[in-house]
Amino acid sequence: MSEGEDGAFKAVELAEQSAESSDPEPQSAAQLPLTQEEPVGEPSKPAEKVPPPSAPGPEAGGSRWKTTLDQFKLRRYFVLRPGTLDHAIEDLKRLSDQEENGNVLSVWLLAELDHWNNERERVVLITENTLLICKYDFMMLQCEQIQKIPLNYVDRIVHGVFSFPPRSLLSRQGEGLRVHWDRQREPAFSSRWNPFSVDYPYFTFTYHPVRAIDDKFAELCELKNFQEQLFEAARAAHERKPVPGKANGVVVLNQPILIEAYVGLMAFIGNQNRLGYCLARGNIGF
């Protein structure tokens, strides 16, 4: 073999060796990617989104505050302080003579109107024999006055809106309840013009301003329920102990309640400032 053929053969062998060295080596079993089979079953459900807890609304907890101003005004009443009303009710029940008045049937928180349209806070108790109208100091937690009306003398209950004489400068919205116990007696002329007179054969009631606070006070201040229970208690008292020489029975009327007041400057100032209520007044208390 000549030198030229020998060089060509070596060149061919070198080319084949370089081609074999450039081939990739087969991957080992350790380098193969592993795949894990999932068990066959029901398809997984997407996770449900839990809504975030909503903030308590304005009616939460039985609260009926309308605005911040109303909340500030109503919180000034001492009767709303925790435990105050319960203490007053227990105190008045102890003061009631059970032998004379009988058992206490119900307790009410109302506002009394006098013949000059002056508004005052009252706690009213209906017992088996007597209607008790109590002036209670919710700040000092003591009873200042109790007026008693025998239920067998109650002869008329009037429910309706308030009205005034044609030339009166006063006005009052809403409705009330008037309880009469002597239909044959009319107030004297001097009593009509005396703002401090108590010589009237009736009491006039209306709603207490705090009745819209919650369900408890709404029940204590409801005039319609008070009227129904008063009627039943008075009718039972008439049957149990009739008054000699008097037509026994209770008449319920739905008609306007007349307040014979014309100017009433004192009532206007007092009612606008709630002077008849136990109210927080800054550094001065009622």
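Residues numbered from 1 in each chain as written. Predicted model: local features only at pLDDT ≥ 70, side-chain atom pairs only at ≥ 80, totals over all residues. Heavy atoms only, no water.

Chemist: Explanation requested: the overall build of the chain in the structure shown.
Modeler: For the chain, the helix and strand inventory stands at eight helices and eleven strands. Burial analysis of the chain (286 residues in total) assigns 36% to the buried set. Looking at the chain alone, contacts between residues at least 24 apart form 64% of all its contacts between residues at least 6 apart. Carbon together with sulfur atoms contributes 54% to the accessible area of the chain, which is approximately 18,700 Å² in total. (Helix = DSSP H or I, 4+ residues; strand = E, 2+ residues; numbered from the N terminus. Buried < 20%, exposed > 50% of the residue type's maximum accessible area, 1.4 Å probe, protein only. Contact = heavy atoms within 4.5 Å. Areas by Shrake-Rupley, 256 points an atom, 1.4 Å probe, with all protein chains shown as cover.)

Chemist: Would you explain the packing of aromatic side chains in this entry?
Modeler: Enumeration according to the criterion identifies seven aromatic pairs in this entry. A connected cluster of aromatic rings, assembled from ring pairs, spans Trp108, Trp181, Phe203, Phe205 and Phe226. Just above the ring of Phe217 sits the side chain of Lys216; from NZ or CZ to the centre is 6.0 Å. (Phe/Tyr/Trp six-rings, centres within 6.5 Å; stacked < 30°, edge-to-face > 60°. Lys NZ or Arg CZ within 6 Å of the ring centre and 35° of its normal.)

Chemist: Looking at this model, I keep getting lost on the layout of surface pockets. Mind explaining?
Modeler: If you roll a probe as big as a water molecule over the atoms, it shows you where there is empty space left. As a volume, the largest pocket reaches approximately 740 Å³. By residue number, the principal contributor to the lining of the largest pocket is helix H8 (residues 265–272), which donates four residues. Each residue belonging to the lining of the largest pocket can be placed in one class, and the counts come to ten nonpolar, nine polar and seven charged. Of the volumes computed, that of the second largest pocket is approximately 380 Å³. The wall of the second largest pocket is formed by 18 residues, among which Glu112, Asp114, Arg120, Ser197 and Val198 lie closest to the centre. Elements supplying a minimum of two residues to the lining of the second largest pocket: strand S1 (104–113), strand S2 (119–127), strand S4 (142–150) and strand S7 (202–206). (1 Å grid on protein atoms, 1.4 Å probe; cavity = no way out; pocket = protein on both sides within 12 Å on 5 of 7 lines; lining within 4 Å. Points joined across faces, edges and corners; volume = space filled by probe spheres on them. Nonpolar A, V, L, I, M, F, W, Y, C, P; charged D, E, K, R; others polar.)

Chemist: Please explain the confidence of the model for the chain as it appears in this structure.
Modeler: Segments scoring low in pLDDT should not have their predicted coordinates read at a detailed level. Scored by pLDDT, the chain has a mean of 79; 72% of the residues are at 70 or more. Below a pLDDT of 50 lies the segment residues 1–12, which in the model reaches one contact outside its immediate sequence neighbourhood of four places, other chains included. (pLDDT = per-residue confidence, 0-100.)

Chemist: I keep staring at the nonpolar core and nothing clicks. Help me out?
Modeler: Soluble globular proteins: nonpolar side chains tend toward being buried together. One finds Val79, Leu109, Val123, Phe138 and Val210 to be the most contacted residues of the largest nonpolar core, which totals 25 residues. Broken down by element, the residue count for this core peaks at four residues, all from helix H3 (residues 84–95). Setting aside its immediate chain neighbours within four residues, Phe138 contacts Phe78, Val79, Thr84, Leu85, Ala88, Leu109, Glu121, Val123 and Cys278. Residues Trp108, Leu177, Trp181 and Phe203 belong to the second largest nonpolar core, which totals 23 residues. (Core = buried A, V, L, I, M, F, W, Y, C linked by side-chain atoms within 4.5 Å.)

Chemist: Sorry, what's going on with empty space enclosed by the protein here?
Modeler: For the coordinates displayed, the defined rule picks out one cavity of 30 Å³ or more. Looking at the largest cavity, its volume works out to about 30 Å³. Leu113, Asp114, His115, Arg178, Tyr202, Thr204, Leu258, Ile259 and Glu260 are the residues that line the largest cavity.

Chemist: What is the right way to read a nonpolar patch on the surface from this model?
Modeler: Together, Leu169, Trp193, Tyr262, Val263, Leu265, Phe268 and Ile269 line one region of the surface with nonpolar side chains, adding up to about 780 Å² of accessible area. Within the secondary structure layout, Ile269 lies in helix H8. The class for Ile269 is partly exposed, based on a relative accessible area of 43%. (Patch = residues over 30% accessible without salt bridge, like charges linked within 9 Å, V, L, I, M, F, W, Y side chains within 5 Å. Salt bridge = Lys/Arg side-chain N within 4 Å of Asp/Glu carboxyl O.)

Chemist: Even after reading the chapter, I still don't get the pattern of salt bridges, so can you show me in this structure?
Modeler: A side chain of one charge can pair with a side chain of the opposite charge if their charged atoms are brought near each other. Considering all chains together, one arrives at ten salt bridges under this definition. Note that Arg122 and Glu112 form a salt bridge whose closest N and O atoms lie 3.0 Å from each other. In this pair, Arg122 sits in strand S2 while Glu112 sits in strand S1, placing the two residues ten residues apart along the sequence. Both residues of the pair, Arg122 and Glu112, count as buried. Across the salt bridge formed by Arg235 and Glu232, the nearest N and O atoms sit 2.5 Å from each other. Here Arg235 pairs with Glu232, and both are found in helix H7 (residues 223–240), just three residues apart, close to one helical turn. Owing to a relative accessible area of 37%, Arg235 belongs among the partly exposed residues under this scheme. The network of salt bridges with shared partners includes Glu119, Arg172 and Arg274.

Chemist: Which parts of the structure should I look at to understand the environment of Leu80?
Modeler: Tracing the sequence through the fold places Leu80 in the loop between helix H2 (68–74) and H3. Setting aside anything within four residues of it in sequence, one finds Leu80 in contact with Leu74, Arg75, Val210, Ile213 and Phe217.

Chemist: What should I look at first to understand H3 in this one?
Modeler: The α-helix winds at 3.6 residues per turn, so residues separated by three or four positions along the chain end up facing the same way. When the terminal C-alpha atoms of H3 are compared, their 17 Å separation across twelve residues agrees well with the 16 Å that a helix rising 1.5 Å per residue should span. Within H3, burial applies to Thr84, Leu85, Ala88, Ile89, Asp91 and Leu92. Down the axis of H3, the buried side of the element spans an arc of 165 degrees, and every buried residue falls inside it. Taken together, the buried residues of H3 touch S1, S2, strand S3 (130–137), S4 and helix H6 (215–220). (Expected span 1.5 Å × (residues − 1). Arc of directions from axis to C-beta.)

Chemist: What is the right way to read unusual backbone geometry from this model?
Modeler: Phi at Asn117 takes a positive value of approximately 70 degrees, unusual for a residue other than glycine. By secondary structure assignment, the location of Asn117 is in the loop between S1 and S2. Residue Leu141 is not a glycine yet carries a positive backbone phi of 55 degrees. With respect to the element layout, Leu141 can be found in the loop between S3 and S4.

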